[in-house]
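These are the residues of each chain, in order.
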Amino acid sequence: MTEKLKLSIKNLDVHYGDKQALFNVNLNIMEKEVTSLIGPSGCGKSTLLKCINRMNDLVEICKIRGQILLDSQDINEASQDPVLLRMKVGMVFQKPNPFPKSIYDNVAFGPKLHGMTKSKEQLDNVVIQSLSKSGLYEEVKDRLFEPGTSLSGGQQQRLCIARALAINPEILLMDEPCSALDPIATAKIEDLIAELKQQYTIVIVTHSMQQAARVSDRTAYMHMGELVETGLTKTIFSNPQHEKTQDYITGRIG
Amino acid sequence: MNKISLRNKKEKRFQLYGKTAVLVAISFLAILLFNIFSTGISAFKQTYVAVNLNIPLDVNKSEINPRAELNKSFLKMFPEIQSRTERRAALSLLSKGAKYEFEELLDKNEGKIIEGYHWFLASADLDMYIKGTVKRQGDTAGRIDENQMKFVDQLESKNLIELQSNKYLLSSADSREPEMAGIKGAIIGSLYSILIAFLVSFPIAVMAAVYLEKIASKNKFSDLIETNINNLAAVPSIVFGLLGLAIFLNFFELPRSAPLVGGLTLALMTLPTIVIAARAAIKSVPPSIEEAAIGMGASKVQTIFGFTLPLAMPGILTGTIIGIAQAIGETAPLLMIGMVAFVVDVPGGPMDASTALPVQIYLWADSPERAFTERTSAAIMVLLAFLILLNLTAIYLRKKLEKKW
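Since the structure is predicted, the reported quantities are computational estimates derived from the model, not experimental observations. Residue positions are given per chain, counted from 1 along the sequence in the order it is written. Note on labels: chains are lettered from A, ligands numbered from 1, in written order. With pLDDT at 70 or above as the cut-off, local features in this predicted model cover only qualifying residues; side-chain atom pairs require 80 or more to be listed or tallied, and sums for whole chains, interfaces and linings still use all residues. Values shown for side chains rest on all heavy atoms present in the structure; no hydrogens or waters enter the calculation.

Engineer: Would you mind going over the overall build of chain A with me for this structure?
Structural biologist: A run of H or I in DSSP becomes a helix once it reaches four residues, and a run of E becomes a strand once it reaches two; helices and strands are each numbered from the N terminus. A tally of regular secondary structure across chain A gives ten helices and ten strands. Computed over its C-alpha atoms, the radius of gyration of chain A comes to 18 Å, within 12% of the 18 Å expected for a compact globule of 254 residues. Each principal axis of the C-alpha atoms in chain A carries an extent, and together these give about 55 × 45 × 35 Å. Relative accessibility decides the category of a residue: with a 1.4 Å probe and only protein chains considered, values under 20% of the type maximum give buried, values over 50% give exposed, and everything between is partly exposed. When burial is assessed residue by residue, chain A has 55% of its 254 residues classed as buried. In what follows, residue pairs with any heavy atoms lying within 4.5 Å of each other are defined as contacts. Of all intrachain contacts in chain A linking residues separated by at least 6 positions in sequence, the fraction that spans at least 24 positions is 68%. This radius of gyration counts C-alpha atoms alone. The globule rule is 2.2 Å times how many residues there are, raised to the power 0.38.

Engineer: How should I be thinking about the packing of helix α4 (residues 120-133) of chain A against helix α6 (residues 153-165) of chain A in this particular structure?
Structural biologist: When two helices pack together, their arrangement is given by the angle between the helix axes and by the axis-to-axis distance. Residue and element names in this part refer to chain A. Axis lines are fitted to C-alpha atoms, over the contacting stretch for helices. Their N-to-C directions set the angle, which ranges from 0 to 180 degrees. For the pair α4 and α6, the least separation of the axes is 8 Å and the interaxial angle reads 130°. The angle between α4 and α6 falls in the class oblique. By crossing handedness, the relation of α4 to α6 is classed as right-handed. Contact with α4, carried on its side by Ser130, Leu131 and Lys133, involves Leu159, Ala162 and Leu165 of α6 and no other residues of that element. As a working rule, the residues Ala, Val, Leu, Ile, Met, Phe, Trp, Tyr, Cys and Pro are called nonpolar, Asp, Glu, Lys and Arg charged, and the rest polar, with Gly in that last group. Of the residues contributing to the contact of α4 with α6, the split by class is four nonpolar, one polar and one charged. Convention used here: angles under 35 degrees read as roughly parallel, angles over 145 as roughly antiparallel, angles from 65 to 115 as roughly perpendicular, and any remaining angle as oblique. Each crossing gets its hand from how the near helix is turned against the far one by less than a right angle, where anticlockwise is left-handed and clockwise is right-handed.

Engineer: Is there a simple way to think about the sheet that holds strand β2 (residues 114-121) of chain B in this case?
Structural biologist: Neighbouring strands of a sheet are bound in pairs by backbone hydrogen bonds; such pairs are parallel or else antiparallel. All names here are of chain B. By this definition, two strands are paired if DSSP reports at least two bridges between them. Read from one edge to the other, the open sheet built from three strands follows the order β2-β1-β5, with strand pairing classed as antiparallel. Each having just a single partner strand, β2 and β5 (161-165) make up the two edges of the open sheet. Averaged over all adjacent pairs, the angle separating strand axes in this sheet is 45°, with direction ignored. Bridge analysis of strand β1 (residues 45-55) against β5 gives five bridges, and the strand direction is antiparallel. By the bridge assignment for β5, lysine 45 is matched with serine 165. Contacts from helix α2 (residues 66-76) reach β1 and β2 within the one sheet, and its direction differs from that of β1 by about 90°.

Engineer: Explain the domain arrangement of chain B to me, please; I cannot follow it from the model alone.
Structural biologist: Think of interface size as the accessible area that goes away when the parts come together; that is how it is often given. Residue and element names in this part refer to chain B. As annotated, the domain borders come from an automatic or database domain assignment. Along its sequence, chain B is carved into domain 1 (42-167) and domain 2 (184-403). Each of domain 1 and domain 2 has a C-alpha centre, and the two are 46 Å apart. Counting residues at the interface gives twelve residues for domain 1, matched by seven residues for domain 2. Joining two parts hides part of their accessible area as seen by a 1.4 Å probe, and the buried area is that hidden amount summed over both. Overall, the association of domain 1 and domain 2 removes approximately 730 Å² of surface from exposure, summing both partners, and the carbon and sulfur fraction of that is 58%. Here, a salt bridge means any side-chain nitrogen of Lys or Arg that lies within 4 Å of a carboxyl oxygen of Asp or Glu. The tally of links between domain 1 and domain 2 comes to two salt bridges. Across the pair glutamate 374 and lysine 131 runs a salt bridge whose closest N-O atoms are separated by 2.6 Å. For the purposes of these results, a polar contact is taken to be a pair of N or O atoms within 3.5 Å, where, inside protein, one atom must be able to donate a hydrogen and its partner to accept one; residues adjacent in sequence count only when each atom of the pair is a side-chain atom. On the surface where domain 1 and domain 2 come into contact, there are three residue pairs in polar contact (both at pLDDT 80 or more). The element best represented in the side of domain 1 that touches domain 2 is helix α5 (residues 124-130), accounting for three residues.

In structure tokens form, the structure reads like this:
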């Protein structure tokens, strides 16, 4: 582990209208590590994740206070463009949501949108590389121009990962990426995460503590909008400092 | 046990109610269609009378008075005619339009001899008798009196009266003479109006729907706009006619009776319908797709035009065609802007005076001439055909666009 700070969240408060969703969250995310966010439903894990690539901008009533520093740059500063941010911070959603286009066009969407490739060959290369990285290429190489929605659920999710990888992000956010998948597809995605952390910084929200224990280097436990405890996954699961964390990982709450 | 049998009975009863309701609705529709078809189908045939012509080569055809020449030829077929009354009775069997057909014949045969029997349009009164719309009572039938009936019987006995297909109905505009009246002018007027209504209302309505659904912030003001759009869809169409009259005719001083103004007025009327349909269609696009696009760094506009609108298009088009179909059958607003005039020319452009199909139906239904009754029904048949065509287009478009996943 490199132990290099990639993303630093400082004193983050998030309000949805009158309701406060996050209370003074402080979290450091290290480069090329997998950080998992765990906690009971409604604790603010997904809200925190969405703040990192400013998806909360879409929610009109959402107010954000505090700092999120990506490589020491505050992403919420007026000079920061959310489009550039989302090129650096890709996202994979809970439900596989491929575009209603062909497999090829799904992956090519990002590079085309941002004008990252100059020729058709280059674009083909990016598509093939991204699909290979997400472990899908061998399965779909003969039907790249069939609709993305014709794939199975697990394949669709890996297609979404390939789509996110195609614009070469630095950070990959995953919002419960396996919650709609069967155990075999889940195992494939988990293997993929282990591979991807060689190149990318990954933040994953998950409901499954086993999954957090299997895939992540660090774990942050959240409860009722507060970050209760954060640390190395091994430590959190074997020797939690807080009572609430202990209650959750032993299954007493959640 | 008892309760279950009660419940089953209830279910059976409910099914019966449903079936009865559907049956009643279908039988009403069947009665309506049967009525229209049985009255209107005869309008597609027209009575013709054969006239024995003999026009030699040495006659300069441009110097012929077509009506006098045709009448002369026709009267020659009845050498027994003595009095003026008889002559007039015989001539009244031919349509006033027969002279145009004769002129055409002369033009076509320039420099040739014209002889033998040629068919000419019969008067509406004779047409009604031949088609059996008016029944013969002794020596009269409807407006055919004893004097005329003599000649009718003579012509019929020589097989000189015949039903041919009606070439006027679909190829000419309105006329005072029922046998020459057609709906081409009304169809063209309707098409221009609908085209303009579509071109104006579709982009405005879609953009308004996109703005309201995706861009505008939700507050009291947007609620007010939403309520008012829903109210607009329920405003009686004649009010839109008044609005069109006030704005397009009185303020912008556009020409009266023009399909341009008709189209703009119909566009006003169709606008809320399309906005409501488009908003519903946009709302039903799965947000996960839009989130994915935004997450990939697409801007709001890129997301809307790249994903939201294409995915919503089948729904938007269906709503649009429903709105247009409503507009094509609309009469009241067109009355207000003067498209109710008696127009004998087929309009050459959207600025020419014209009627529309439903207005033509209204005008003919109002006409005292018996022969217009069948033409009214025929015009309704054509209007229904247009509506069916539009609905089929809607279904086709929806199927085709939905296939693109």
